[in-house]
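Structural characterization, general
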Amino acid sequence: MLVLLLALVRADVVTVEIPEALIDGDIPANAAAYCRQHGLGPTPRGVACADAVLLDAGASLGRRSLARAARGDADGAVEDARRRTEIARQDAAAWRQYGLALLDRNHEGDARDAAAALELAVAGDPTDLGAAHSLARARALTKPPAALRVATFASAETCGLRRLLASARHHGVDVDVLGGANRTWHNGLKLELLRAFCASLREDTLVVAVDGYDVIVTGGRGRIANRIQQLLERHPGRVVASADQTFYFRGPDEACVGAHYPAGAQPYRFLNSGGLAGRAGDLEKVAARALRDAEGWDGVSDQTLLHRRFLAEAAPCDGEGVRRNPCGPDVPCAARTLALDHFQELFGNTGGRAFLRDFGVVGGVLRNALTDTLPSFLHCPGERRFRAEFDRLAALGLPG
């Protein structure tokens, strides 16, 4: 409800409550009609009734935009913020709010519109450092995405693969399906296919490799590429692997690896090979080294090989330039090759835990409620359990 101090045309000053419905539709026309209908004149300071209503309507739209954002209604928040700018074109705060609402929604094209809005905010108030920093972020998001390839692995067309490809099409993401029919599948083949695929690309190409039957795409190309670049800025030269809460390992050294596993960030502490991202040259090297380290491996879990490598590289260097691996061969103190997406910024992962609810949907976008991040992929391993999770999220409004 808008509350304004106005004057009756033939009486003293009064306080008037104006219904919130007035800010829907054509606000200037609504304001003029309301003032005529109730015989309202200027404010005590001489501001015309309709102009006073417009001023307070802008503030009311701003408050409603924030309330809608808090409820997860990103589209409503953007619309109210946009309409606020229409009636307060000289108000830097209005343009700032509109730009931030667009960045929060993060649909295709929103970063470009946010940059335009935030430029007006900074021009109107050059001292607003928040607007300036947000403008820099919006401009970074509008840069053309780096070359990006998304690959998956499959030996047959299943409902899971069809789900992955349909979600990718929804978000405008092309997926290379590696494998094909009539091949005996084992996870050593997955590593061989990944190595050969990356070898065929420029070394600096960004590559995402995900499992084929229990993953969906939840973000567009631009968001995926920008997120990978941000992760690689923190972990230069490494391959970033998905992380989850569960430790899956096959091998006689399971107890040792589990006992010495790096503490990492909680709760997503453990490597999951269902999602890997990095530059093609680095991914090729990681896949090749994993295959070289595969002596005695049963070919079932490529994740086991990467667990072993991650643990070996996490050991501290001694004075002889060697990392003392507590569960296997020592390795040189070279640069580490693996990092984990501990906060699920790129890869959402349930780890097969069907009874927990880490994920929700806000404004049609997947959100991890524990880390407050917006992953661009979701991996739900675990036989029938992944179908139930995808169905639950679809019922909450997750597209694709």
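The structure contained in this document is the topic of the report that follows. The model shown is predicted, which means the values in this text are computed figures rather than measured ones. Sequence order as written defines residue numbering, which begins from 1 separately in each chain. With pLDDT at 70 or above as the cut-off, local features in this predicted model cover only qualifying residues; side-chain atom pairs require 80 or more to be listed or tallied, and sums for whole chains, interfaces and linings still use all residues. Only hydrogens and water are set aside; all other atoms, that is, all heavy atoms of the structure, feed into the side-chain values.

Topic: the overall build of the protein
Short version of the rule: Helix and strand assignments follow DSSP, with helices taken as H or I runs no shorter than four residues and strands as E runs no shorter than two, numbered in order from the N terminus. Relative accessibility decides the category of a residue: with a 1.4 Å probe and only protein chains considered, values under 20% of the type maximum give buried, values over 50% give exposed, and everything between is partly exposed. Contact between two residues is taken to exist if any of their heavy atoms lie within 4.5 Å; hydrogens are not considered. Surface exposure here means Shrake-Rupley accessible area, sampled with a 1.4 Å probe, where a residue is shielded only by the protein chains that are shown.
A count of helices and strands for the protein gives 13 helices and 16 strands. In the protein, which comprises 400 residues, the proportion classed as buried is 48%. When contacts within the protein are restricted to residue pairs at least 6 apart in sequence, those whose partners lie at least 24 apart make up 69%. Just so you have it, the protein exposes about 18,900 Å², and 52% of that area is on carbon and sulfur atoms.

Describing the sheet that holds strand E16 (residues 377-379)
Rules: Think of it this way: DSSP has to see at least two bridges between two strands before they count as a pair. A fitted line through C-alpha atoms serves as each axis, taken over the contacting stretch for helices, and the angle formed by two N-to-C directions is quoted from 0 to 180°.
Strand order in this open sheet of 3 strands is E7-E16-E13, and the pairing throughout is mixed. Where the open sheet ends on each side, the last strands, each with one partner, are strand E7 (215-217) and strand E13 (347-349). When the angles between neighbouring strand axes are averaged without regard to direction, this sheet yields 20 degrees. Pairing between E13 and E16: 3 bridges, direction parallel. The residue of E16 that forms the bridge with Asn 349 is His 379.

Brief notes about the state of the cysteines
To be explicit about the condition: Any two cysteine sulfur atoms lying within 2.5 Å of each other are counted as a disulfide.
Counted according to the given criterion, the structure contains 2 disulfides. One disulfide bridge connects Cys 256 with Cys 327, the sulfur atoms lying 2.0 Å from each other. As the torsion about the S-S bond is roughly -90 degrees, the Cys 256-Cys 327 disulfide counts as left-handed. With a gap of 71 residues between them, Cys 256 in helix H10 (residues 254-260) and Cys 327 in the loop between strand E10 (322-323) and strand E11 (331-332) connect regions that are remote in the sequence. Judged by its relative accessible area of 24%, Cys 256 is partly exposed. By relative accessible area, which is 19% here, Cys 327 ends up buried. What pairs with Cys 317 in a disulfide is Cys 333, and their sulfur atoms sit 2.1 Å apart. For the disulfide bridge between Cys 317 and Cys 333, the dihedral angle about the S-S bond is near -140 degrees, and by the sign convention the bridge is left-handed.

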